Amino acid sequence: MFRFTITLLLLTLTSLSGCSNFGVQPWERDVLAQKKMQLDPYPVDTYLDEHIYTSREASSGGRGIGGGGCGCN
Amino acid sequence: MQLKKPKSIRSALAVATCSMLSGVSHHALAESTPWEIDTALLYYGESDADNSRVTVVEPVIRARKEIADDEFLTFRFVFDSLTGASANGAIPQSTPQTFTSPSGDATYTTSANQTPLDPTFHDSRGAINAEWELPLSRLTKGIFSANFSKEFDYTSMGLAATLSRDFNNRNTTLSGGLSYNADTVSPVGGAPAGLTPMPTTTAIKKTTIGSDQDKNEADLLLGVTQVINRHTLMQLNFTYGMDDGYLTDPYKILSVVDNTGTLVGTDPYLFEKRPDSRARQAIYWKTVHQFSEDVLNVSYRYYWDDWGIASHTLDLKYRAELGRGHYLEPHLRYYSQSKVDFYYYALPDGTSPDYASADYRLADLDATTIGLKYGITRDENSELAIRAERYTQSSGGDAPFPDVNANIIQLNYSLNF
């Protein structure tokens, strides 16, 4: 686990230094500002999907944290 | 001369744009900001080849308001009602089988060659979530949230905090978060002692380890979001979670069988037992890309834990703009998991493992979702949408449980006022 975290941190740092090659200027954010271009444009859909899939499958997490628990039989 | 100094023009424009934007937002907030209201009604109906199973109806209301510059309050209210039958973990037999209900006060019988389903499931759940998002500095943002939910046999309370900071001209965002949930399981009829017999008549009572059981979950999130170009955004997350406490499903049992798969002994059913801790990890990658108007949304998750689950989840959505605010969004999802180390389709007579479960959700499992959403955005301020999906779960290994199909229908209405 520890080794994995270190690898992930290194990967993140490496990709961050590469990240300066990407991106846009502040006046080029017209498309990214649209609702449909957000990472989670429909949070209610996401909430309901996660409720279905975490109660029907054995995996959870990844997208975010702090959703709350359920008995989900 | 000017051509030699493009950067100074860039930065001048950047400063101008930023100051204009901040001026606009100050001005907008001088007037009152609207409440953004999202409502949804979900129907989820599950069945296998022979029987209908669980049906869930779930209304959701989410309300969000900007209370100061870039500072938001969000509330979410959920109510769900669940009825129907759920697989109890026992396997079909060539003769009818009788089980006791969780309370121990009644019995139910499954016909020959049918998957045993416990028909006594009726549950309602209310959940509330509050979230406070606020800027902590020019480039740093905090999101703090609290949640509470209550079912008649389950209570959940949790807190979460996420901090994020922008870099590279706001093209890169790093996030870190922590959450903690304290849950209480209050099984009907008490929590059964793991791997003890389920009585088959109401005259005998199950062995319990008490009533309320605690379960705690702590999660850590590390994430990076990167603007790739004017049309593409990418996200990479790592989450690590620790569960401890009562992680067993108090209503699931295992059949004890001989080598022909026939029930044996006077106590042919045992309550399941899971380990009391679980370490979970997931890597999640998401990309949003806009073509001329249409938007492609792709995500992939690799999940693994110390129970033996490793899973792949691939999710694809394509939003096709039809013009005049109408859109169609096909959705495909594929999921595949390997079983936990203590999964048994049925327990061979004479084995006495430390942990055992026959819950098909912990088995080798493949699942697909195919769906379509149709939406109408009337103007900037309202949106109406409907989505219909078909979710299918099937055995990914040699455990011959039947396919489970679910129909999902959801209505959404969003309004700013």
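Small disclaimer: the values here were computed from a predicted structure and weren't measured. (Residues numbered from 1 in each chain as written. Chains lettered and ligands numbered in written order. Predicted model: local features only at pLDDT ≥ 70, side-chain atom pairs only at ≥ 80, totals over all residues. Heavy atoms only, no water.)

In terms of regular secondary structure, chain B is built from one helix and 21 strands. Referenced to the eigenvectors of the C-alpha coordinate spread, the extents of chain B come out at roughly 95 × 40 × 40 Å. Nonlocal contacts in chain B, meaning residues at least 24 apart in sequence, comprise 59% of its contacts between residues at least 6 apart. Summed over all atoms, the accessible surface of chain B reaches about 19,800 Å², with 60% contributed by carbon and sulfur. Positive and negative side-chain charges in chain B, numbering 36 and 51 respectively, have mean positions lying 10 Å apart. (Helix = DSSP H or I, 4+ residues; strand = E, 2+ residues; numbered from the N terminus. Contact = heavy atoms within 4.5 Å. Areas by Shrake-Rupley, 256 points an atom, 1.4 Å probe, with all protein chains shown as cover. Lys, Arg positive; Asp, Glu negative; His and termini not counted. Charge placed at Lys NZ, Arg CZ, Asp CG, Glu CD.)

Counting its secondary structure elements, chain A contains two helices and zero strands. When the 73 residues of chain A are sorted by exposure, 47% land in the buried category. In the structure as shown, chain A presents an accessible area of about 3,500 Å², 61% of it carried by carbon and sulfur atoms. (Buried < 20%, exposed > 50% of the residue type's maximum accessible area, 1.4 Å probe, protein only.)

This brings us to the interface of chain A and chain B. At the junction of the two partners, chain A supplies 53 residues and chain B supplies 103 residues. When the two sides are added together, the surface that chain A and chain B hide from each other amounts to roughly 6,400 Å², 57% of it contributed by carbon and sulfur. Counting across the chain A and chain B interface gives eight salt bridges. For Asp45 of chain A, the salt bridge is made with Lys373 of chain B, and the minimal N-O distance between the two is 2.8 Å. Those elements that place two or more of their residues in the side of chain A that touches chain B are α1 (2-19) and α2 (43-56) of chain A. No other element matches α2 of chain A, which puts eleven residues into the side of chain A that touches chain B. The class makeup of the residues in the side of chain A that touches chain B is 24 nonpolar, 19 polar and ten charged. (Buried area = accessible area lost by both parts, 1.4 Å probe. Salt bridge = Lys/Arg side-chain N within 4 Å of Asp/Glu carboxyl O. Nonpolar A, V, L, I, M, F, W, Y, C, P; charged D, E, K, R; others polar.)

Relative to the elements of secondary structure, Asp219 of chain B occurs in strand β10 (residues 213-229). Only 3.1 Å separates the side chain of Asp219 of chain B from the side chain of Arg280 of chain B, close enough to count as a polar contact. (Polar contact = N/O pair within 3.5 Å; in protein donor to acceptor, adjacent residues only side chain to side chain.)

All names here are of chain B. The strand order across the open sheet built from three strands is β13-β12-β18, with neighbouring strands paired in mixed fashion. Every interior strand has two partners, whereas the edge strands, β13 (269-271) and β18 (347-348), have only one. Pairing geometry for strand β12 (residues 253-257) and β18, over two bridges, is parallel. Counterpart to Val257 in the pairing with β18 is Pro348. (Pairing = 2+ DSSP bridges.)

What follows covers the pattern of salt bridges. Residue and element names in this part refer to chain B. A full pass over the atoms with the stated rule returns 28 salt bridges over all chains. Put simply, Glu36 and Arg64 hold a salt bridge, and the shortest N to O gap is 3.8 Å. In this pair, Glu36 sits in strand β1 (residues 35-47) while Arg64 sits in strand β2 (residues 52-68), placing the two residues 28 residues apart along the sequence. The exposure class of Glu36 is partly exposed, given its relative accessible area of 28%. Salt bridges sharing common partners tie together Asp249, Glu272, Arg274, Asp359 and Arg361.

Below, the discussion takes up the nonpolar core. Generally speaking, nonpolar side chains in soluble globular proteins are found buried as a group. Core analysis: the biggest nonpolar cluster contains 21 residues, and Leu48 of chain A together with Tyr44 and Tyr391 of chain B have the highest contact counts within it. In this view, Tyr391 of chain B contacts Tyr53, Arg56 and Glu57 of chain A together with Tyr44, Arg333, Ala367, Thr368, Thr369, Val404, Asn405, Ala406 and Ile408 of chain B; residues no more than four positions away in its chain are not counted. In this structure, Ala58 of chain A together with Tyr303, Ile309 and Phe401 of chain B belong to the second largest nonpolar core, which totals 16 residues. (Core = buried A, V, L, I, M, F, W, Y, C linked by side-chain atoms within 4.5 Å.)

Okay, a nonpolar patch on the surface next. Residues and elements named next belong to chain B. A surface patch of nonpolar side chains, about 660 Å² in accessible area, is lined by Leu41, Tyr43, Val57, Leu322, Tyr374, Ile386, Ile409 and Leu411. Listed by contribution, the elements that provide at least two residues to the nonpolar patch are β1 and β21 (404-416). Tracing the backbone through its elements, the reader meets Ile409 in strand β21. (Patch = residues over 30% accessible without salt bridge, like charges linked within 9 Å, V, L, I, M, F, W, Y side chains within 5 Å.)

Now for empty space enclosed by the protein. Within this structure, the stated rule accounts for six cavities of 30 Å³ or more. Of the volumes computed, that of the largest cavity is approximately 620 Å³. Lining the largest cavity are 33 residues, with Thr46, Asp49 and Arg63 of chain A together with Asp315 and Lys317 of chain B sitting closest to its centre. For the lining of the largest cavity, the elements supplying multiple residues, two or more each, are α2 of chain A together with β14 (277-290), β15 (295-305), β16 (310-323), β17 (326-337), β19 (365-379) and β20 (382-395) of chain B. The greatest single-element share of the lining of the largest cavity, amounting to six residues, is contributed by α2 of chain A. Across the lining of the largest cavity, the residue classes tally to eight nonpolar, nine polar and 16 charged. Of the pockets and cavities examined, the second largest cavity occupies roughly 270 Å³. (1 Å grid on protein atoms, 1.4 Å probe; cavity = no way out; pocket = protein on both sides within 12 Å on 5 of 7 lines; lining within 4 Å. Points joined across faces, edges and corners; volume = space filled by probe spheres on them.)

This part covers the environment of Arg324 of chain B. Residues and elements named next belong to chain B. Take Arg324: it is sitting in the loop between β16 and β17. For Arg324, a relative accessible area of 83% puts it in the exposed group. Sequence spacing of Arg324 and Pro96 is 228 residues, and the spatial spacing of their C-alpha atoms is 59 Å.

What follows concerns the confidence of the model for chain B. Considering every residue of chain B, the mean pLDDT works out to 92; 93% of them sit at 70 or more. For the stretch residues 12-28 of chain B, pLDDT sits under 50, and the model shows seven contacts to residues farther than four places along the chain or on other chains. (pLDDT = per-residue confidence, 0-100.)

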